[in-house]
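# Overview (structure and organization)
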Amino acid sequence: MTPPTPHARQPLYLLPGLLCDEALWAHQINNLSDIADCTVPDLTQADSMAALAEAILARAPERFALAGLSMGGYVAFEILRRAPERVTRLCLVDTSARPDTVEQRQRREAMLKLARIGKFRGMSPRLLSTQVHPDHVAVPEIGGVVLAMTERVGRDAFCRQQAAILSRPDSRPGLAAITVPTLVIVGADDAQTPPDRSQEIAAAVRGASLHVIPRCGHLAPLEQPERVTGLMREWLLA
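Now for a look at the structure at hand. Because the structure is a prediction, the values reported are computed rather than measured.

Our focus in this paragraph is the nonpolar core. Soluble globular proteins tend to bury their nonpolar side chains together. Counting residues in hydrophobic clusters, the biggest one holds 33 residues, and the most contacted among them are Leu15, Leu66 and Ile79. For this core, the secondary-structure elements that each account for two or more residues are strand E1 (10–15), helix H2 (49–59), strand E3 (64–69), helix H3 (71–82), strand E4 (87–93), helix H6 (140–166) and helix H7 (195–204). Ile35, Ala65, Ala220 and Leu231 belong to the second-largest nonpolar core, a separate cluster that totals 31 residues.

We now examine the packing of aromatic side chains. Within this structure, the stated rule accounts for one aromatic pair. Across from the ring centre of Tyr74, 4.1 Å away, lies the NZ or CZ of Arg168, which sits over that ring.

For the rest of this paragraph, the subject is helix H4 (residues 102–116). Between the first and last C-alpha of H4 there are 21 Å, a value that for 15 residues agrees with the 21 Å anticipated at 1.5 Å per step. Listed in full, the buried residues belonging to H4 are Arg108, Leu112 and Ala115. One side of H4 holds all its buried residues, which, seen down the axis, span an arc of 60°. Relative to its buried face, H4 has exposed residues pointing more than 90 degrees away, namely Val102, Glu103, Arg107 and Lys113. In this fold, the buried residues of H4 make contact with H6. Two residues or fewer past H4, Gly118 is found with a positive phi of approximately 95°.

Here the focus is the side chain of Gln10. Here Gln10 is to be found in strand E1. With relative accessibility at 18%, the residue Gln10 sits in the buried group. The residues touching Gln10, leaving out its near neighbours within four places in the chain, are Ile35, Ala36, Asp37, Ala65, Thr88, Arg89 and Leu236.

The next thing to look at is the pairing of E4. Burial analysis of E4 places six of its seven residues in the buried class, the great majority of the element. As paired elements, E3 and E4 share six bridges and run parallel to each other. Directly across from Ala65, in E4, lies its bridge partner Arg89. Taken together, E3, H3 and E4 form a β-α-β motif whose crossover is right-handed. Bridge analysis of E4 against strand E5 (residues 182–187) gives four bridges, and the strand direction is parallel. From the neighbouring strand, Leu92 faces E5, where its bridge partner is Val184.

Definitions and cut-offs
Residues numbered from 1 in each chain as written. Predicted model: local features only at pLDDT ≥ 70, side-chain atom pairs only at ≥ 80, totals over all residues. Heavy atoms only, no water. Core = buried A, V, L, I, M, F, W, Y, C linked by side-chain atoms within 4.5 Å. Buried < 20%, exposed > 50% of the residue type's maximum accessible area, 1.4 Å probe, protein only. Helix = DSSP H or I, 4+ residues; strand = E, 2+ residues; numbered from the N terminus. Phe/Tyr/Trp six-rings, centres within 6.5 Å; stacked < 30°, edge-to-face > 60°. Lys NZ or Arg CZ within 6 Å of the ring centre and 35° of its normal. Expected span 1.5 Å × (residues − 1). Arc of directions from axis to C-beta. Contact = heavy atoms within 4.5 Å. Pairing = 2+ DSSP bridges. Right-handed = clockwise from strand over helix to strand, strands pointing away.

See below:
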């Protein structure tokens, strides 16, 4: 009997969020390697969504699947504005298509100002509690990983990332034009980009699949890795 033909490994770009790096996606990288050739781009070297998107497009293969969390989702929207024909599949995790509210913008600008004058303290335990589910703050494999990522990314990159986020456009007008298979994931307890932001995206993208994950905050790939990896495997193989 002829053995079944294995699925070709798809190029998959995994875009991390603010103050995050490849550790955010460690479980997905390790457990999707049989079907995906994963790349985590560096989102720390530019201060605009345009520059971040262009850097990725310059290095990426002609066609690739794309997943982004939070700020990574904002970059994904920018890639879609510039080269929609190159994206084969889209996964949006704990993100929003909306620009900041006035209050969010003021808070972000205040943090940026403090960081620029040298008062960058990374991710404090108090701030960590706004990023992950309360049950996960003291878990080394979650809270500890987040704190370590923050230290690696550092102040200068934080300033560039915040500047890029502040200047991002409203992505809602382009949602209806997305036609590739789209997976939307959000933590049920995400305080940064609440589930209604993901519901808005999924409602506007034709055929999108929405999954709200219980006992999960803003960093679903790290907080509920098995669940997120399972959903992404189904998405990649569909």
